Amino acid sequence: MIYKVPFVNFPEHYKRIKDEIDFAIKEVLLGGDYILRKHLKEFEENFAKFLGVKYAIGVGSGTDALYLSLKAAGINQGDEVITVAHTFVATIASIIHCGAKPILVDIGEDYNMDVEKVEEVITNKTKAIIPVHLNGRLCDMKRLMEIASKYNLIIIEDAAQALGASLDGVKAGTFGLTGCFSFYPAKILGGLGDGGMVVTNNKDVAEKILLLRDHGQKREIGEILCYGFNSRLDNLQAAVLNVKLKYVPKWIERRREIAKLYHQALSNITKLKLPPPPMNGRFYDVYQNYVIRAKRRDELVKHLMREGIEVLISWPKPLHKHEALGLSNFHLPMTEQISKEVVSLPIYPELSNNDVNFVIQAIQTFYK
Ligand SMILES: *Cc1c(COP(=O)(O)O)cnc(C)c1O
(Lines give C-alpha, C1' and ligand atoms only; values in the text may rest on other atoms or scores of the structure.)
Protein backbone atom coordinates (compact mmCIF):
# COMPACT_ATOMS: atom_id res chain seq x y z
CA MET A 1 0.00 0.00 0.00
CA ILE A 2 1.17 3.52 -0.83
CA TYR A 3 0.70 5.82 2.16
CA LYS A 4 0.10 9.56 1.91
CA VAL A 5 2.33 9.90 4.95
CA PRO A 6 4.64 6.87 5.22
CA PHE A 7 6.32 6.02 8.53
CA VAL A 8 9.75 6.51 6.94
CA ASN A 9 10.73 7.92 3.55
CA PHE A 10 14.14 6.60 2.55
CA PRO A 11 13.99 7.64 -1.14
CA GLU A 12 13.28 11.28 -0.19
CA HIS A 13 16.02 11.13 2.46
CA TYR A 14 18.50 9.95 -0.18
CA LYS A 15 17.42 12.47 -2.85
CA ARG A 16 18.19 15.44 -0.60
CA ILE A 17 21.85 14.50 -0.26
CA LYS A 18 22.19 12.32 -3.33
CA ASP A 19 25.22 14.02 -4.88
CA GLU A 20 27.30 13.74 -1.73
CA ILE A 21 26.29 10.13 -1.11
CA ASP A 22 26.96 9.13 -4.71
CA PHE A 23 30.35 10.81 -4.59
CA ALA A 24 31.30 8.97 -1.38
CA ILE A 25 30.21 5.61 -2.76
CA LYS A 26 32.09 6.14 -5.99
CA GLU A 27 35.24 7.07 -4.13
CA VAL A 28 35.07 3.86 -2.09
CA LEU A 29 34.39 1.69 -5.14
CA LEU A 30 37.08 3.26 -7.31
CA GLY A 31 39.57 2.97 -4.48
CA GLY A 32 38.62 -0.67 -3.80
CA ASP A 33 38.31 0.23 -0.12
CA TYR A 34 36.02 -2.32 1.49
CA ILE A 35 37.21 -3.48 4.91
CA LEU A 36 38.84 -1.45 7.71
CA ARG A 37 39.98 1.37 5.45
CA LYS A 38 40.37 5.10 5.79
CA HIS A 39 36.65 5.98 5.54
CA LEU A 40 35.95 3.85 8.59
CA LYS A 41 38.76 5.50 10.51
CA GLU A 42 37.57 8.94 9.51
CA PHE A 43 34.00 8.20 10.48
CA GLU A 44 35.07 6.74 13.83
CA GLU A 45 37.09 9.86 14.57
CA ASN A 46 34.23 12.19 13.64
CA PHE A 47 31.73 10.14 15.62
CA ALA A 48 33.98 10.21 18.70
CA LYS A 49 34.33 13.97 18.29
CA PHE A 50 30.57 14.41 17.94
CA LEU A 51 30.03 12.74 21.31
CA GLY A 52 33.20 14.03 22.95
CA VAL A 53 34.61 10.58 23.73
CA LYS A 54 38.07 9.11 23.26
CA TYR A 55 37.20 5.99 21.26
CA ALA A 56 34.55 4.99 18.74
CA ILE A 57 34.70 1.53 17.17
CA GLY A 58 32.52 0.67 14.20
CA VAL A 59 30.87 -2.74 14.38
CA GLY A 60 28.37 -4.80 12.39
CA SER A 61 25.17 -3.62 14.10
CA GLY A 62 23.73 -2.05 17.23
CA THR A 63 23.09 -5.56 18.49
CA ASP A 64 26.77 -6.44 18.10
CA ALA A 65 27.72 -3.17 19.82
CA LEU A 66 25.79 -4.36 22.89
CA TYR A 67 27.03 -7.93 22.74
CA LEU A 68 30.69 -7.01 22.20
CA SER A 69 30.45 -4.41 24.99
CA LEU A 70 29.21 -7.02 27.45
CA LYS A 71 31.94 -9.43 26.29
CA ALA A 72 34.62 -6.76 26.62
CA ALA A 73 33.29 -5.91 30.09
CA GLY A 74 33.77 -9.57 31.05
CA ILE A 75 30.10 -10.52 31.40
CA ASN A 76 29.86 -14.27 31.58
CA GLN A 77 27.89 -17.37 32.42
CA GLY A 78 26.08 -17.00 35.73
CA ASP A 79 26.19 -13.18 35.79
CA GLU A 80 23.02 -11.16 36.07
CA VAL A 81 22.39 -8.07 33.95
CA ILE A 82 19.54 -5.68 34.74
CA THR A 83 17.56 -4.15 31.89
CA VAL A 84 13.97 -3.53 30.73
CA ALA A 85 11.37 -5.48 28.72
CA HIS A 86 10.10 -2.36 26.94
CA THR A 87 12.90 -2.36 24.37
CA PHE A 88 13.91 -3.97 21.12
CA VAL A 89 14.62 -7.67 21.67
CA ALA A 90 18.31 -7.17 20.82
CA THR A 91 19.00 -5.57 24.21
CA ILE A 92 18.04 -8.78 25.99
CA ALA A 93 19.50 -11.08 23.32
CA SER A 94 22.93 -9.55 23.86
CA ILE A 95 22.77 -10.61 27.53
CA ILE A 96 21.56 -14.12 26.70
CA HIS A 97 24.33 -14.63 24.13
CA CYS A 98 26.93 -13.94 26.85
CA GLY A 99 25.43 -16.79 28.86
CA ALA A 100 24.23 -14.26 31.43
CA LYS A 101 20.77 -13.86 32.91
CA PRO A 102 18.61 -10.84 32.06
CA ILE A 103 16.80 -9.34 35.07
CA LEU A 104 13.94 -7.17 33.88
CA VAL A 105 12.61 -4.13 35.74
CA ASP A 106 9.55 -2.10 34.92
CA ILE A 107 9.46 1.27 33.19
CA GLY A 108 8.06 4.64 34.19
CA GLU A 109 5.88 7.24 32.46
CA ASP A 110 8.88 8.21 30.30
CA TYR A 111 8.99 4.66 28.81
CA ASN A 112 12.45 4.23 30.32
CA MET A 113 13.76 2.08 33.14
CA ASP A 114 12.20 2.98 36.49
CA VAL A 115 15.52 3.45 38.23
CA GLU A 116 13.89 3.35 41.68
CA LYS A 117 13.11 -0.33 40.99
CA VAL A 118 16.72 -1.27 40.31
CA GLU A 119 18.08 -1.64 43.85
CA GLU A 120 15.50 -4.23 44.86
CA VAL A 121 16.64 -6.67 42.14
CA ILE A 122 20.38 -6.37 42.74
CA THR A 123 21.95 -9.62 44.01
CA ASN A 124 25.53 -10.78 44.51
CA LYS A 125 25.42 -12.05 40.92
CA THR A 126 24.52 -8.68 39.42
CA LYS A 127 27.35 -7.40 37.22
CA ALA A 128 25.87 -4.82 34.90
CA ILE A 129 22.92 -2.64 34.00
CA ILE A 130 21.79 -1.80 30.49
CA PRO A 131 19.63 1.34 30.49
CA VAL A 132 17.84 1.95 27.18
CA HIS A 133 17.30 5.57 26.17
CA LEU A 134 14.07 4.91 24.34
CA ASN A 135 12.59 7.19 21.69
CA GLY A 136 15.45 9.65 21.97
CA ARG A 137 15.07 10.56 25.65
CA LEU A 138 17.61 9.71 28.28
CA CYS A 139 16.89 7.44 31.16
CA ASP A 140 17.47 9.03 34.60
CA MET A 141 21.21 8.46 34.34
CA LYS A 142 22.07 10.70 37.26
CA ARG A 143 20.29 8.39 39.71
CA LEU A 144 21.35 5.24 37.87
CA MET A 145 25.04 6.19 37.99
CA GLU A 146 24.73 6.67 41.77
CA ILE A 147 23.27 3.18 42.15
CA ALA A 148 25.88 1.67 39.84
CA SER A 149 28.71 3.23 41.78
CA LYS A 150 27.20 2.23 45.16
CA TYR A 151 27.07 -1.45 44.10
CA ASN A 152 30.09 -1.35 41.79
CA LEU A 153 28.11 -2.28 38.68
CA ILE A 154 29.03 -1.77 35.04
CA ILE A 155 26.78 0.42 32.89
CA ILE A 156 26.42 -0.40 29.20
CA GLU A 157 24.12 2.14 27.54
CA ASP A 158 21.75 1.10 24.79
CA ALA A 159 21.80 4.46 23.01
CA ALA A 160 20.54 3.05 19.70
CA GLN A 161 17.61 5.49 19.75
CA ALA A 162 19.34 8.44 21.35
CA LEU A 163 22.17 9.77 19.20
CA GLY A 164 22.66 13.41 20.19
CA ALA A 165 20.28 13.35 23.17
CA SER A 166 21.59 14.66 26.48
CA LEU A 167 20.85 15.06 30.17
CA ASP A 168 22.38 18.01 32.02
CA GLY A 169 24.55 18.51 28.93
CA VAL A 170 25.97 14.98 29.03
CA LYS A 171 25.29 13.02 25.86
CA ALA A 172 23.66 9.60 25.64
CA GLY A 173 26.29 6.89 25.35
CA THR A 174 28.93 8.79 27.33
CA PHE A 175 27.80 7.99 30.91
CA GLY A 176 28.57 4.28 30.99
CA LEU A 177 31.59 2.07 30.41
CA THR A 178 30.39 1.94 26.81
CA GLY A 179 27.61 3.47 24.75
CA CYS A 180 26.05 1.45 21.93
CA PHE A 181 24.64 2.96 18.74
CA SER A 182 22.82 1.55 15.73
CA PHE A 183 22.90 2.67 12.11
CA TYR A 184 19.86 0.64 11.13
CA PRO A 185 18.32 2.69 8.27
CA ALA A 186 15.40 4.08 10.32
CA LYS A 187 17.62 5.40 13.11
CA ILE A 188 18.47 9.11 13.37
CA LEU A 189 21.77 8.36 11.65
CA GLY A 190 20.88 5.48 9.34
CA GLY A 191 23.10 3.59 6.90
CA LEU A 192 22.32 1.72 3.70
CA GLY A 193 21.91 -1.46 5.71
CA ASP A 194 23.13 -2.59 9.11
CA GLY A 195 25.86 -1.05 11.19
CA GLY A 196 26.69 -0.04 14.75
CA MET A 197 29.19 1.74 16.98
CA VAL A 198 30.64 1.29 20.44
CA VAL A 199 31.95 4.39 22.17
CA THR A 200 34.04 4.47 25.33
CA ASN A 201 36.65 6.47 27.21
CA ASN A 202 38.28 3.28 28.51
CA LYS A 203 41.41 2.30 26.59
CA ASP A 204 41.38 -1.36 27.61
CA VAL A 205 37.76 -1.80 26.61
CA ALA A 206 38.38 -0.04 23.28
CA GLU A 207 41.31 -2.36 22.55
CA LYS A 208 39.27 -5.42 23.48
CA ILE A 209 36.45 -4.41 21.15
CA LEU A 210 38.91 -3.74 18.32
CA LEU A 211 40.08 -7.34 18.76
CA LEU A 212 36.64 -8.88 19.15
CA ARG A 213 35.24 -7.24 16.01
CA ASP A 214 38.09 -8.58 13.86
CA HIS A 215 38.63 -12.27 14.74
CA GLY A 216 40.85 -11.47 17.69
CA GLN A 217 43.59 -10.31 15.33
CA LYS A 218 46.10 -7.65 16.22
CA ARG A 219 47.13 -7.03 12.66
CA GLU A 220 50.05 -4.70 13.46
CA ILE A 221 51.96 -7.48 15.21
CA GLY A 222 50.54 -10.43 13.26
CA GLU A 223 49.15 -12.06 16.40
CA ILE A 224 45.74 -13.50 17.20
CA LEU A 225 45.13 -12.62 20.82
CA CYS A 226 41.71 -14.19 21.42
CA TYR A 227 38.81 -15.86 19.64
CA GLY A 228 36.82 -13.05 18.13
CA PHE A 229 34.00 -12.41 15.71
CA ASN A 230 33.52 -10.87 12.32
CA SER A 231 31.71 -7.65 13.13
CA ARG A 232 33.36 -4.76 11.33
CA LEU A 233 31.43 -1.75 10.14
CA ASP A 234 31.78 -1.84 6.34
CA ASN A 235 34.02 0.85 4.93
CA LEU A 236 31.30 1.69 2.38
CA GLN A 237 28.72 2.21 5.14
CA ALA A 238 31.21 4.33 7.06
CA ALA A 239 31.79 6.57 4.04
CA VAL A 240 28.05 7.16 3.66
CA LEU A 241 27.49 7.63 7.41
CA ASN A 242 30.35 10.11 7.52
CA VAL A 243 28.57 12.24 4.92
CA LYS A 244 25.35 12.06 6.93
CA LEU A 245 26.87 12.71 10.36
CA LYS A 246 27.30 16.44 9.72
CA TYR A 247 23.55 16.77 9.07
CA VAL A 248 22.57 15.09 12.34
CA PRO A 249 22.23 18.32 14.41
CA LYS A 250 20.00 19.84 11.72
CA TRP A 251 17.94 16.66 11.44
CA ILE A 252 17.47 16.58 15.21
CA GLU A 253 16.29 20.20 15.19
CA ARG A 254 13.69 19.32 12.55
CA ARG A 255 12.52 16.33 14.62
CA ARG A 256 12.12 18.68 17.59
CA GLU A 257 10.14 21.15 15.46
CA ILE A 258 7.78 18.37 14.42
CA ALA A 259 7.43 17.22 18.03
CA LYS A 260 6.50 20.78 18.94
CA LEU A 261 3.83 20.91 16.21
CA TYR A 262 2.34 17.63 17.43
CA HIS A 263 2.42 18.89 21.00
CA GLN A 264 0.76 22.23 20.26
CA ALA A 265 -2.05 20.62 18.29
CA LEU A 266 -2.72 17.47 20.31
CA SER A 267 -2.10 18.40 23.93
CA ASN A 268 -5.74 19.40 24.52
CA ILE A 269 -7.09 15.96 23.55
CA THR A 270 -7.77 14.35 26.92
CA LYS A 271 -7.84 10.84 25.46
CA LEU A 272 -4.12 11.13 24.60
CA LYS A 273 -0.94 11.24 26.66
CA LEU A 274 1.90 12.94 24.84
CA PRO A 275 5.65 12.86 25.42
CA PRO A 276 7.13 16.05 26.90
CA PRO A 277 7.54 18.81 24.30
CA PRO A 278 11.05 19.85 23.31
CA MET A 279 12.38 22.03 26.10
CA ASN A 280 15.59 23.76 27.00
CA GLY A 281 15.60 22.13 30.42
CA ARG A 282 17.70 19.26 31.75
CA PHE A 283 16.65 16.86 29.01
CA TYR A 284 17.52 17.43 25.38
CA ASP A 285 15.33 14.93 23.52
CA VAL A 286 16.00 13.92 19.92
CA TYR A 287 12.65 12.25 19.12
CA GLN A 288 13.84 9.10 17.40
CA ASN A 289 10.15 8.25 17.81
CA TYR A 290 7.09 10.31 18.72
CA VAL A 291 5.15 7.89 20.88
CA ILE A 292 1.72 8.78 22.22
CA ARG A 293 -0.52 6.81 24.56
CA ALA A 294 -4.04 6.64 23.19
CA LYS A 295 -7.44 5.57 24.45
CA ARG A 296 -9.01 3.17 21.89
CA ARG A 297 -5.53 2.75 20.42
CA ASP A 298 -6.34 -0.07 18.01
CA GLU A 299 -9.29 1.84 16.52
CA LEU A 300 -7.15 4.95 16.18
CA VAL A 301 -4.48 2.95 14.34
CA LYS A 302 -7.08 1.56 11.91
CA HIS A 303 -8.46 5.04 11.33
CA LEU A 304 -5.03 6.52 10.61
CA MET A 305 -4.03 3.69 8.28
CA ARG A 306 -7.32 4.15 6.39
CA GLU A 307 -6.51 7.83 6.01
CA GLY A 308 -3.17 6.90 4.44
CA ILE A 309 -1.03 7.54 7.50
CA GLU A 310 1.40 4.80 8.38
CA VAL A 311 1.91 4.37 12.13
CA LEU A 312 3.75 1.77 14.14
CA ILE A 313 3.22 0.03 17.45
CA SER A 314 6.43 -0.61 19.36
CA TRP A 315 5.70 -3.07 20.82
CA PRO A 316 2.25 -4.64 20.87
CA LYS A 317 3.40 -7.67 22.86
CA PRO A 318 5.93 -7.16 25.67
CA LEU A 319 9.07 -9.29 25.36
CA HIS A 320 8.39 -11.21 28.58
CA LYS A 321 5.10 -12.39 27.06
CA HIS A 322 6.85 -14.14 24.17
CA GLU A 323 6.98 -17.69 25.46
CA ALA A 324 10.03 -18.79 23.49
CA LEU A 325 12.19 -16.17 25.22
CA GLY A 326 11.82 -17.78 28.65
CA LEU A 327 11.14 -14.51 30.48
CA SER A 328 7.61 -15.26 31.68
CA ASN A 329 8.57 -15.13 35.39
CA PHE A 330 8.73 -11.32 35.24
CA HIS A 331 5.73 -9.25 36.29
CA LEU A 332 5.90 -5.77 34.78
CA PRO A 333 2.56 -3.95 35.06
CA MET A 334 3.57 -0.64 33.46
CA THR A 335 5.29 -2.38 30.53
CA GLU A 336 2.15 -4.43 29.98
CA GLN A 337 -0.18 -1.44 30.29
CA ILE A 338 1.84 0.71 27.92
CA SER A 339 1.97 -1.98 25.23
CA LYS A 340 -1.82 -1.67 24.97
CA GLU A 341 -1.77 2.13 24.55
CA VAL A 342 1.28 3.20 22.57
CA VAL A 343 1.42 4.21 18.95
CA SER A 344 4.29 5.91 17.13
CA LEU A 345 3.44 8.77 14.76
CA PRO A 346 5.59 9.55 11.70
CA ILE A 347 8.52 11.81 12.61
CA TYR A 348 11.56 12.37 10.38
CA PRO A 349 13.30 15.42 8.91
CA GLU A 350 11.80 14.96 5.43
CA LEU A 351 8.24 15.24 6.77
CA SER A 352 6.68 18.55 5.67
CA ASN A 353 4.51 20.75 7.88
CA ASN A 354 1.61 19.80 5.59
CA ASP A 355 2.24 16.12 6.30
CA VAL A 356 2.32 16.83 10.03
CA ASN A 357 -0.92 18.80 9.85
CA PHE A 358 -2.54 15.99 7.89
CA VAL A 359 -1.66 13.56 10.70
CA ILE A 360 -2.87 16.03 13.33
CA GLN A 361 -6.22 16.56 11.59
CA ALA A 362 -6.79 12.83 11.21
CA ILE A 363 -6.24 12.36 14.95
CA GLN A 364 -8.47 15.33 15.84
CA THR A 365 -11.25 13.96 13.61
CA PHE A 366 -11.04 10.57 15.32
CA TYR A 367 -11.52 11.97 18.83
CA LYS A 368 -14.19 14.54 17.87
C1 LIG B 1 17.74 -0.51 16.81
C2 LIG B 1 17.92 -0.92 18.22
C3 LIG B 1 18.83 -1.91 18.60
C4 LIG B 1 19.55 -2.80 17.65
O5 LIG B 1 20.27 -2.22 16.65
P6 LIG B 1 20.57 -3.00 15.30
O7 LIG B 1 21.53 -2.11 14.61
O8 LIG B 1 19.27 -3.13 14.56
O9 LIG B 1 21.15 -4.32 15.63
C10 LIG B 1 19.00 -2.16 19.96
N11 LIG B 1 18.31 -1.50 20.88
C12 LIG B 1 17.41 -0.54 20.55
C13 LIG B 1 16.67 0.17 21.64
C14 LIG B 1 17.17 -0.25 19.22
O15 LIG B 1 16.23 0.66 18.91
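One can find the structure itself at the top, above this paragraph.
Let us look at the structure shown here. Counting from 1, residues in each chain are numbered in the order their sequence is written. Whole-chain, interface and lining totals are the exception, using all residues; otherwise, since this is a predicted model, local features are given only for residues with pLDDT of at least 70 and side-chain atom pairs are given and counted only at 80 or more. As a rule here, side-chain values cover all heavy atoms of the structure and leave hydrogens and water aside.

Things to note about the pattern of salt bridges
Here comes step 1: Put simply, a salt bridge is a Lys or Arg side-chain nitrogen that is within 4 Å of an Asp or Glu carboxyl oxygen. Inspection of every chain in the model, using the stated rule, returns 24 salt bridges.
Here comes step 2: Residue D285 pairs with R137 through a salt bridge whose shortest N-O separation is 2.6 Å. Separated by 148 residues along the polypeptide, D285 in the loop between β13 (283–284) and β14 (290–294) and R137 in the loop between β4 (126–129) and α6 (141–151) bring together distant segments of the chain.
Here comes step 3: Using a 1.4 Å probe on the protein chains alone, a residue whose accessible area is under 20% of its type maximum counts as buried, one over 50% counts as exposed, and one in between counts as partly exposed. On the basis of relative accessible area, D285 is assigned to the buried category, the value being 5%.
Here comes step 4: With a shortest N-O distance of 2.7 Å, R293 and E341 are connected by a salt bridge. In this pair, R293 sits in strand β14 while E341 sits in the loop between α11 (333–339) and β15 (342–345), placing the two residues 48 residues apart along the sequence. No difference in accessibility class separates R293 from E341, as the two residues are buried.
Here comes step 5: Several salt bridges share partner residues, and in doing so they unite E116, E119, R143, E146 and K150 into one network. The helix and strand labels rest on DSSP assignments: H or I over at least four residues marks a helix, E over at least two residues marks a strand, and numbering proceeds from the N terminus.

Regarding the site of the ligand
Here comes step 1: Near residues are defined by distance, with any heavy atom within 4 Å of the molecule or strand qualifying the residue. Surrounding the ligand, one finds 14 residues, the nearest of these being G62, T63, D158, S182 and K187.
Here comes step 2: In the analysis that follows, any N or O atom pair within 3.5 Å is treated as a polar contact, provided that within protein one partner can donate a hydrogen and the other can accept it, and provided that, for residues neighboring in sequence, both atoms belong to side chains. D158 is positioned such that a nitrogen or oxygen atom in its side chain is 2.7 Å from a nitrogen atom of the ligand.
Here comes step 3: Here Q161 contributes a side-chain N or O atom positioned 2.9 Å from an oxygen atom of the ligand.
Here comes step 4: Relative to its free-state accessible area of 380 Å², the ligand is covered by the protein chains to the extent of 94%.
Here comes step 5: Just so you know the grouping, Ala, Val, Leu, Ile, Met, Phe, Trp, Tyr, Cys and Pro go in nonpolar, Asp, Glu, Lys and Arg go in charged, and all remaining residues, Gly too, go in polar. In terms of residue class, the shell around the ligand is made up of four nonpolar, eight polar and two charged. Using a 1.4 Å probe, the Shrake-Rupley method yields the accessible areas, and only the shown protein chains count as cover for residues.

Considerations on the packing of aromatic side chains
Any pair of aromatic rings gets described here by the distance separating the centres and the angle formed by the planes.
Here comes step 1: Only the six-membered ring of Trp is used, alongside the rings of Phe and Tyr, when aromatic pairs are assigned; centres must lie within 6.5 Å, and planes under 30 degrees apart are stacked while those over 60 apart are edge-to-face, with the rest tilted. Considering all chains together, one arrives at nine aromatic pairs under this definition.
Here comes step 2: Connected via pairs of aromatic rings, a cluster forms that spans F43, F47, F181 and F183.
Here comes step 3: The ring of F283 is capped by R137, whose NZ or CZ atom sits 3.9 Å from the centre of that ring.
Here comes step 4: Any Lys NZ or Arg CZ that is within 6 Å of a ring centre and within 35 degrees of that ring's normal is treated as a charge sitting over the ring. One Lys or Arg, K171, reaches over the ring of F50 and ends 5.0 Å from the middle of that ring.

Focus on the packing of helix α10 (residues 297–306) against helix α12 (residues 353–367)
Here comes step 1: In contact at an axis separation of 10 Å, α10 and α12 are set at 130° when each is read in the N-to-C sense. One finds that α10 runs oblique with respect to α12. Judged by the sense of rotation from one axis to the other, the crossing of α10 with α12 is right-handed. Judged by residue contacts, E299, L300, H303 and L304 of α10 engage A362, I363, F366 and Y367 from α12.
Here comes step 2: The residue makeup of the contact of α10 with α12, split by class, is six nonpolar, one polar and one charged. Axes here refer to lines fitted to C-alpha atoms; in helices the fit is confined to the stretch in contact. Angles between the N-to-C directions go from 0 to 180 degrees. Oblique is the label for any angle not covered by the other classes, which are roughly parallel (under 35 degrees), roughly antiparallel (over 145) and roughly perpendicular (65 to 115). Left-handed describes a crossing whose near helix is turned anticlockwise from the far helix through less than a right angle; right-handed describes the clockwise counterpart. Note on contacts: a residue pair qualifies if any of its non-hydrogen atoms lie within 4.5 Å across the two residues.

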